[in-house]
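# Residue-level structural notes
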Amino acid sequence: MKKRLLDIAHARSGDKGDTANIGLIAKHPKYYPLLVKRVTAARVARHFKGMINGPVERFELPNLRALNFLLHGALDGGGTISLKTDAQGKVFSTALLRMEIDVGGRR
Amino acid sequence: MRSANHPATVRVAGGQGFWGDWLEAPYRQVTGGPVEYLMMDYLAEVTMSILQKQKSRDASRGYATDFITQMERILPTVVERGIKVTANAGGVNPRACAMAVADVARKLGLGGKLKIGVVTGDDLLGRLDGLIARGHDLKNLDTGRPLHDVRDRVLSANAYLGAAPVVEALQRGAQVVITGRVTDTGLTLGPLMHAFGWAVDAWDRIAAGTVAGHIIECGAQASGGNCLSNWKTIPDLANVGYPIVEAHADGTFDLVKHPKTGGRIDVAGVTEQLVYEMGDPRAYITPDGVADFTTIQLDQTGKDRVRVSGIKGKPATDKLKVSIAYFYGYKAVGTLVYVWPDALEKAKAADRILRQRLQDLGLAFEAIHTEFVGANATHGPLALKGLDTTAIPEVQLRIGVRSPDKERVDRFTREIAPLILNGPPSVTGFAGGRPKPEEIVAYWPALIDKQMVKPMVEVVDA
């Protein structure tokens, strides 16, 4: 069965220079292992293909049942240089929540 | 070690998350219930360059003027209740800011009742050539380039100071501590170190005070503002209560807000703020120490009350971060609104026509960036997957250019309006007129050896 991340997680994002960060937080502890397994750095890089021009790093925060992603080269130079509406990556988080992941079980 | 002089609990209220935050918040924080400290963050990365420019025109300026208006409003309460204030409103001229606060205090009849601490030593602009000559090349942390490459365009350079000078000012009796580029977290950690007598190498406590500072430094973003988790059920944001750290000597703290205020403090919302602008969670580096965010435990211990505990820290590094601003070039962004039917197709056609004209004029840019607001501006191609784009009622074409050459950017701004009459149909929304070329002041993050920066503290009577 597939679920949209929006239904099992929430998120907030911000910036450091040309890098956007996305903190992805499981809505319930039972979803955290699923996020760890399915929402890999490689998967996130594929999800944002064409929107970022650098690598994706992932860090785990099991204590907060959260994953932190760094999306490098995401902000057209970032801060004041960027020509983007979302120059500070404030809503990158919501774009990640569009991702669908396999949550197991029958459909 | 706790002595009889140290309180069991200390409350630090967050009053401003940035210069431009809600003007009502500081007053509500000092009057809405008991607090011992009010912290206010005013400095974003590029703010210092704006302030440096103001100071170069008028030596009595260069600080966050809103802070003076705020102090005029809250000083009577602050003095009456013995509340202490920490703020990095001093910008590039903390002394002038302190003088302005002293003037306000005297005007309010509070002369002689107030000591003001002034923290300086962060401003490296006048020392840059000396530092570079002595081998401190202030490499850009993102690109690795030495500062030498843009030296003649540097507008401001400030080392991030930590909590130590804030603690010193408080120990010397300052009730209002005005700083230059002190870290946002240092404005909360400083009061806690002072109140509880925490040692500078009590790394777990330093980390705990840093995490507390990180949570409240963005104002209401920790108490229901900009919170995605169950956002529709967050009560009464019109009356939102800004966050308050209720700290204990052992480094644990509760996050709360004043009674009878709106917003919400829950584990989900605090978690959102913890991950905001996060890098490697195991190493949140400040001048004061290194906090490990993977050790933080959150528990909902009451309505609008989250307990934060378990925080571990590591020793401080021997570097300080330096925030440098330099002149980069020019940019301009133009917009037009295209309307159904075929709103997106029309906007796309206009973009193609505009780009063709720029090319025909021989105008090359460092970057041209097009967004179709209402369709793909923030979610890119992800937004249009499976969407019937012919149903979109309106799309804003938003096109921007960037160049070191101001004239090119200016010429671009003259190519927007003609499209209204000589481009695709059903276009409107040009009431704002021709866009203006804007100067780009860019950010250059670097590191410097800690020993090269000496924070200075003065305490003056109002």
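Residues numbered from 1 in each chain as written. Chains lettered and ligands numbered in written order. Predicted model: local features only at pLDDT ≥ 70, side-chain atom pairs only at ≥ 80, totals over all residues.

## Structural notes on the nonpolar core
Membership of the largest hydrophobic core comes to 147 residues, with the highest contact counts inside it found for A:Leu24, A:Leu71, B:Val101, B:Ile116, B:Ile178, B:Leu192 and B:Leu255. The element contributing the most residues to this core is strand β14 (residues 319-339) of chain B, with nine residues. Built from parts of two domains, this core gets at least three residues from each of domain 1 (9-122 + 160-317) and domain 2 (325-444) of chain B. Those residues in contact with A:Leu71, other than ones at most four positions away along the chain, are A:Thr19, A:Ala20, A:Ile22, A:Phe48, A:Ile52, A:Val56 and A:Phe92. Within the second largest apolar cluster, 15 residues are counted, among which are B:Ala347, B:Ile399, B:Ile416 and B:Leu419. (Core = buried A, V, L, I, M, F, W, Y, C linked by C-beta atoms within 7 Å. Buried ≥ 20, exposed ≤ 12 C-beta atoms within 10 Å, placed from the backbone. Helix = DSSP H or I, 4+ residues; strand = E, 2+ residues; numbered from the N terminus. Domains from an automatic or database assignment. Contact = placed C-beta atoms within 7 Å.)

## With respect to the interface of chain A and chain B
Size of an interface, as often reported, equals the accessible area lost when the parts are brought together. Opposite the 31 residues of chain A that make contact, chain B presents 43 residues. Put simply, the parts of the chain that give the side of chain A that touches chain B at least two residues each are β2 (9-16), β3 (19-26), β4 (56-61) and β5 (66-71) of chain A. With six residues, the single largest contributor to the side of chain A that touches chain B is β2(A). In the side of chain A that touches chain B, the residues fall into twelve nonpolar, eleven polar and eight charged. (Nonpolar A, V, L, I, M, F, W, Y, C, P; charged D, E, K, R; others polar.)

## Brief notes about the pairing of strand β16 (residues 394-403) of chain B
On a regular strand, one side chain projects to one face of the sheet and the next to the other, so that they alternate. Residue and element names in this part refer to chain B. Taken across its ten residues, β16 has eight buried, putting it largely inside the fold. Across ten bridges, the pairing between β14 and β16 is antiparallel. Paired with Val337 across the strands is Gln396, a residue of β16. Two strands pair when backbone bridges link them, and strand β15 (residues 367-373) and β16 are joined in this way by seven bridges, in the antiparallel orientation. By the bridge assignment, Thr370 is partnered in β16 with Ile399. (Pairing = 2+ DSSP bridges.)

The analysis is restricted to geometry; functional conclusions fall outside its scope.
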